[in-house]
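Breakdown of the fold
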Amino acid sequence: MGKYAHVTDDTRKTARKIKQMREELGYSITEFSAKLGVSYNTIKNWEDTEQTNEPGGTQLMKIQDLYKEKGHTLLTSGSSLSFFIELFKKLPFSSKRKLISFLEESIGDK
């Protein structure tokens with residue numbers, strides 16, 4: 001998916017939320033990309049309201065870890081829960097299972 005391909009209000013909302021989460025965590029784009037193991041351009045694309053790129057399950061798990069390091073969880077950070085659920089719905093089944101297991105372990109529910 002690239003620039004201007006099926007850009008919707010939902011994809012624009014996702015882009016704004018990714019930027020909000022990065023800023024909430026206190027990271028520059030360079031720092032955030034290094035923490036997530038993706039390129040600077042990947043983060044720029046995620047935050048571009050005219051792009052349709054979004055983080056996948058692996059990146060969501062890493063973002064959750066970053067929130068944990070700061071003493072928060074993605075799921076308790078304001079409007080992040082509804083955002084997380086919307087992204088979760090778009091993941092392939094195998095990524096959903098992996099993410100559920102990760103979350104269970106991170107909250108001590110396993």
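To be clear, the structure that these remarks concern was listed above.
Each chain has its residues counted from 1, following the order in which its sequence is written. Local features in this predicted model are restricted to residues whose pLDDT is 70 or higher, and side-chain atom pairs enter the listing and the counts only when it is 80 or higher, whereas totals over whole chains, interfaces and linings include all residues. In computing side-chain values, all of the structure's heavy atoms are included and hydrogens and water are not.

**A few points about helix α3 (residues 40-47)**
Let me state the cut-off plainly: Partly exposed residues are those whose accessible area sits between 20% and 50% of the maximum for their type, while under 20% is buried and over 50% is exposed, using a 1.4 Å probe and protein chains only. Runs of H or I in DSSP of at least four residues are treated as helices and runs of E of at least two as strands, each being numbered from the N terminus. Think of the arc as the fan of directions from the helix axis to the C-beta atoms. Only heavy atoms matter for contacts: two residues are in contact if any of them lie within 4.5 Å across the pair.
Those residues of α3 lying buried are Ile43, Trp46 and Glu47. Taken end-on, α3 shows its buried residues confined to a sector of 90 degrees, consistent with a single buried face. Against α1 (9-25), α2 (29-36) and α4 (57-69) lie the buried residues of α3.

**Brief notes about the nonpolar core**
For clarity, the threshold we go by: Grouping buried Ala, Val, Leu, Ile, Met, Phe, Trp, Tyr and Cys residues that are joined through side-chain atoms within 4.5 Å yields what is termed a nonpolar core.
If you look at the biggest cluster of nonpolar residues, it comprises 23 residues, and the most contacted ones within it are Phe32, Leu36, Ile43 and Leu99. Put simply, the parts of the chain that give this core at least two residues each are α1, α2, α3, α4, α5 (80-90) and α6 (93-106). The dominant element in this core, judged by the number of residues it contributes, is α4, at five residues. In contact with Phe32, not counting residues within four places along its chain, are Ile18, Arg22, Leu25, Tyr27, Ile43, Ile63 and Leu66.

**What about the packing of α1 against α4?**
Filter applied, for reference: The axes used here are C-alpha line fits, helices contributing only the stretch in contact, and every angle between their N-to-C directions lies in the interval 0 to 180 degrees. Relative orientations are named as follows: roughly parallel for angles under 35 degrees, roughly antiparallel for angles over 145 degrees, roughly perpendicular for angles from 65 to 115 degrees, and oblique for any other angle. Should the near helix be turned anticlockwise from the far one by less than a right angle, the crossing is termed left-handed; should it be turned clockwise, right-handed. Classes in brief: Ala, Val, Leu, Ile, Met, Phe, Trp, Tyr, Cys and Pro nonpolar; Asp, Glu, Lys and Arg charged; the others, Gly included, polar.
Closest axis-to-axis distance for the α1/α4 pair is 10 Å, and the angle between their directions is 30 degrees. Here α4 runs roughly parallel to α1, going by the angle between their axes. Considering the relative orientation of α1 and α4, their crossing is left-handed. Counted together, Met21, Glu24 and Leu25 of α1 and Ile63, Leu66 and Tyr67 of α4 form the full contact between these two elements. A class-by-class count of the residues in the contact of α1 with α4 yields five nonpolar, no polar and one charged.

**What about α4?**
Condition: Any helix carries an expected span of 1.5 Å times its number of residues minus one.
Spanning 13 residues, α4 covers 19 Å between terminal C-alpha atoms, matching the ideal 18 Å at 1.5 Å per step. Listed as buried for α4 are Gly57, Gln59, Leu60, Met61, Ile63, Gln64, Leu66 and Tyr67. Of the residues flanking the end of α4, it is Gly71, one or two places downstream, whose phi is positive at about 85 degrees.

**Quick notes on the pattern of salt bridges**
Our working rule: Salt bridges are identified by distance alone: a Lys or Arg side-chain nitrogen within 4 Å of an Asp or Glu carboxyl oxygen.
Applying the stated criterion across every chain, the model contains three salt bridges. As a salt-bridge pair, Arg12 and Glu50 come within 3.4 Å of each other at their nearest N and O atoms. Remark: Glu50 occurs in the loop between α3 and α4 and Arg12 occurs in helix α1; sequence separation between them is 38 residues. Of the residues examined, Arg12 reaches a relative accessible area of 24% and is grouped as partly exposed. Given the relative accessible area of 23%, Glu50 is considered partly exposed. A salt bridge links Arg22 to Glu47; the nearest nitrogen and oxygen atoms lie 2.5 Å apart. In this pair, Arg22 sits in helix α1 while Glu47 sits in helix α3, placing the two residues 25 residues apart along the sequence. Residue Arg22 is classed as buried on the basis of its relative accessible area, which comes to 7%. On the accessibility criterion, Glu47 (12% relative accessible area) is buried.

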